[in-house]
Every structure is written in C-alpha cells, then in structure tokens.
Amino acid sequence: MGHSKETTLAHGGNQQGYQEKHTGAVNPPIYLSSTYHQQQLNEFGDYDYSRSGNPTRDQLEVAIAKLENGTAGFAFSSGMAAISSAFMLLHAGDHIVITKDVYGGTFRCVTQLLTQFSIEHTFVDMTNPVEIEEAIQPNTKVIYMETPANPLLQITDIRKVVQLAKNNSCLTFLDNTFMTPLHQQPLDLGVDIVLHSATKFLSGHSDIVAGLAVTKNQELAASLKFVQNTYGAILGATDCYQLLQGMKTLEPRFTRSVSSAIKLAEFFHSHNEIEHVYYPGLHHHPGSSIHAKQSTSPGAVLSFVLKDHVDAKSFVEQLSIPVFAVSLGAVESILSHPATMSHAAMPAEEREARGISQRLFRLSVGIENEEDLIEDFKNALTVKAGVL
Ligand SMILES: *Cc1c(COP(=O)(O)O)cnc(C)c1O
C-alpha cells in the first residue's frame, strides 16, 4: 500500500528493509566506507565499492524513486551531473529536440559538450507543438523539457509532448526542479526520465549541491546505473544523508512557500511600479490552465519586471529580507537578476528578444512570514517611486 508523499518524505523514504538493522536508528547511518569486506572467495555481498553502491545513497535513491512513482532512482554529485549522465545514454549521430528556455548549464552541455561527440540538437519553443513536430528528425532520440521554465515560467504541455515523442519513437526527459515530485509527477504522464537539481527545493537549505534521476523503465534504469557507475559522478554518503534530512521537511516548506508566492504574485500584479508578473498561478499567465492540469500548485518561483522609472539598483539595495544571489528553492527567499546572473553569457540582443531585460527579477519565495516579505517589497518599491 502506498503512503501519501508527505508521509514518505517525513520518514526519509524509510521502509521495510531500509531501516538500520542493528540499532533501529531513525536517521540512516552515514556509511563512510569506500570498500566492503567480502566474506567468501567468489561470493560477494550486496556492496563491494561505493561508486557502484552505498547504503546511505541507496536509501536516498529508494526515496526519490518512490516520490516520483518510479522504480529506480539515481543520486549524482549535482543537477548537471544527473542531466549530463542522462545524456550519456545517447550515441554519436543522435539528435535531441530541446526547449530553448532550458537551464543555462544544460544549454552549455548540449551546445558545447555533446556536440564534441556528434550528438546534435535543435532548440524549439516547447509551448508550440507544431514547432516541436517540425524539429523531429529520423535520428531524434530525446525530447527534453523543463516546465515551468526559467526565468519566465513558460509552461510545456507534458502530455502533448509525450504523445509527440511516442508517435516518433523518442524518449522524453523532463527537468522537474521547479515543481518537485510533490506537485508534479511527470512519470505518471508518460515521461521516461525525470531529472532534478536537488540543490534547490529538495534539499531546501542552500547547503549542498546534488542531482537526481528517476525512471520506471527497467531498460533505462539499467542503462542509467551503468552510466552512473562508469561516469562516476555519484553523490557522496554525507551529502546523501544531508539531502534526505532536507527532504523530510519538503512538504511543509514547499506548501508554505507556494502559499506565500501566490500572495506575493498578487501583490506584484496589483502594484503600480511593476510592469509585469510571470507566475503560473496568475490567470493571464500563458499556459496557466495547462499547468493546472499537470501540477497541483503554481510553485514557489515567480518573476517580475520593474517599470522604467524604478531604479533597479536601489530597489535591490532597499530590500532587507531576500538573499540577492543565484539559485532558488531554499528556506530563505532568493532574489536573482537573470540578465547579470543566469543569463549573463547570452548576447544582450538575444536576452532582450527573450524578455530577459535588465528590469527582470526572479524571486524564489522562502518560508519567512509572508507579511514581512510583502512589507519589504512594498518599502523597496515605495521609496523608489517617492524619491525619484
Ligand atoms: C540549478 C538547476 C540545474 C542545475 O543543477 P546543479 O545542482 O546546480 O548542477 C538544472 N536545472 C534547473 C531548473 C536548475 O534550477
């Protein structure tokens, strides 16, 4: 019998067979052992070497597989390690159709690394099925999605893309970092591999860098296991422990952050100094109804554009609560400036054309008191309007 997600999370994925057998310890022991004593010549135990398998990592991998309704989970040293390892399932001559609004590190991997191995790609507007269909070639093996995308929260219709992929015998990969397995379960919608930067909401405390991959396809699970062991970008036992601890509170953290994000989105939307708000929870947001059909909340990340007369520099300086930094998904709210942070490497004209202007900010809402957050933003915006 399956438990609800928050119950699974609260117990760190603990289940029969994974509780600590000798002492019943509630927290999993951190198995700091690279190698394992073998009892017999020619007879090996469950573990032989920690790149291939580690009991602490196993517990995390079982937990994420359960949460995503998959059968096999894999823990990597970063979100990018998980994503690059999944791309290692491809061969020279294969082709990827990928969203043009993809995370910057994934963009770099596809455009600068995979091309060295003759793995080709076409960027598409993933919100446009006609464009996707036209990009599919006989050698297309993977359609790669990220939804909501960064930083404008564009929504991909997961079911539609999965159908297109199946019609053309392609696999689908989906970066589920923004929604977490709590509020979006892509494997249930037919996606083949779900990827996470566990650095973000899953760990939740801006402390570790980690990545996860999950599938329920046995063949893909075996291939991912092979890549994980061969490429070797595994997550260390201590970080596995820390990630499991973070995941235990995912439900209360994420629920709180989402509820504050909804209020903040409404606040920004009705504020005079704000030009536009990007958030799947607002009715005017393109794809909001599609998002509602495939996710159970609008998430905890939103972006907004300051009006021309608001001085962006002093706006940031007036704020006292959010951390001004890259990254997202933590207990503390994080305000980012995509034009000079995540998208700094993109040529200015390309950035502007995509709507990533100097006045665009992305906010990952934390678990602070929502009234405090609203007051803080109100103050930063009011001061600017008043003084100028
Ligand atoms: C941060 C992030 C990544 C990369 O993860 P790392 O853990 O930083 O390697 C990938 N996708 C999305 C959507 C992200 O936000």
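Residues numbered from 1 in each chain as written. Predicted model: local features only at pLDDT ≥ 70, side-chain atom pairs only at ≥ 80, totals over all residues. Heavy atoms only, no water.

As for the pairing of strand S1 (residues 72-76)
Inference 1: Most of S1 sits out of view: five of its five residues are buried.
Inference 2: The side-chain alternation of S1 yields two buried faces, one formed by Ala72, Phe74 and Phe76 and the other by Gly73 and Ala75.
Inference 3: Sheet analysis places S1 next to strand S7 (residues 211-215), joined by five bridges and oriented antiparallel. Note on S7: the bridge partner recorded for glycine 73 is valine 214. (Buried < 20%, exposed > 50% of the residue type's maximum accessible area, 1.4 Å probe, protein only. Helix = DSSP H or I, 4+ residues; strand = E, 2+ residues; numbered from the N terminus. Pairing = 2+ DSSP bridges.)

Examining the side chain of histidine 271
Inference 1: By the element assignment, histidine 271 lies in the loop between helix H10 (250-269) and strand S8 (274-278).
Inference 2: Owing to a relative accessible area of 16%, histidine 271 belongs among the buried residues under this scheme.
Inference 3: There is a polar contact of 3.0 Å between the side chain of histidine 271 and the backbone nitrogen of glutamate 273. (Polar contact = N/O pair within 3.5 Å; in protein donor to acceptor, adjacent residues only side chain to side chain.)

A closer look at the UniProt feature "modified residue: N6-(pyridoxal phosphate)lysine" (unreviewed entry) in the protein
Inference 1: In the numbering used here, UniProt assigns the "modified residue: N6-(pyridoxal phosphate)lysine" (unreviewed entry) feature to Lys200.
Inference 2: Mapped onto the fold, lysine 200 is located in the loop between strand S6 (193-197) and S7.
Inference 3: Apart from residues lying up to four places away in sequence, lysine 200 is in contact with Thr177, Ser327, Leu328 and Gly329. (UniProt positions renumbered as here; feature names shortened; annotations may be inferred. Contact = heavy atoms within 4.5 Å.)

Considering the domain arrangement of the protein
Inference 1: According to the domain assignment, the protein consists of domain 1 (5-247) and domain 2 (250-380).
Inference 2: Centre-to-centre, using C-alpha coordinates, domain 1 lies 26 Å away from domain 2.
Inference 3: Taken together, the contact pairs 32 residues of domain 1 with 38 residues of domain 2.
Inference 4: Taking both sides of the interface into account, the surface hidden between domain 1 and domain 2 amounts to around 2900 Å²; carbon and sulfur atoms contribute 62%.
Inference 5: When the area that domain 1 buries against domain 2 is broken down by residue, the three leading residues are Leu152, His183 and Phe201, summing to 24%.
Inference 6: Linking domain 1 with domain 2 are zero salt bridges. (Domains from an automatic or database assignment. Buried area = accessible area lost by both parts, 1.4 Å probe. Salt bridge = Lys/Arg side-chain N within 4 Å of Asp/Glu carboxyl O.)

Things to note about helix H4 (residues 104-113)
Side chains that are three or four residues apart share a direction in an α-helix, a result of its 3.6 residues per turn.
Inference 1: Burial in H4 covers these residues: Gly105, Thr106, Cys109 and Val110. When H4 is viewed along its axis, its buried side chains cluster within an angular range of 135° and face the same direction. When the buried face of H4 is taken as reference, the exposed residues oriented beyond 90 degrees from it are Arg108 and Gln112. (Arc of directions from axis to C-beta.)

Side note on the side chain of glutamate 61
Inference 1: Along the chain, glutamate 61 falls in helix H2 (residues 55-67).
Inference 2: Given a relative accessible area of 7%, glutamate 61 falls into the buried group.
Inference 3: In contact with glutamate 61, other than residues within four places in its own chain, are Gly73, Phe74, Ala75 and Gln228.

Focus on the sheet that holds S1
Pairing between sheet strands relies on hydrogen bonds along the backbone, with the strands arranged either parallel or antiparallel.
Inference 1: Read across the sheet, seven strands follow the order S1-S7-S6-S5-S4-S2-S3 without closing on themselves; strand pairing throughout is mixed. If you trace the sheet from one side to the other, it starts and ends with S1 and strand S3 (120-124), each paired once. Across this sheet, the average inter-strand angle for adjacent strands is 20°, counted without regard to direction.
Inference 2: With five bridges joining them, strand S4 (residues 140-146) and strand S5 (residues 171-175) adopt parallel strand pairing. Following the sheet pairing, methionine 145 is matched in S5 by leucine 174.
Inference 3: Of the strands in this sheet, S1, S5, S6 and S7 touch helix H8 (residues 218-231), which is tilted by about 20° from S1. (Axes fitted to C-alpha atoms, helices over the stretch in contact; angles between N-to-C directions.)

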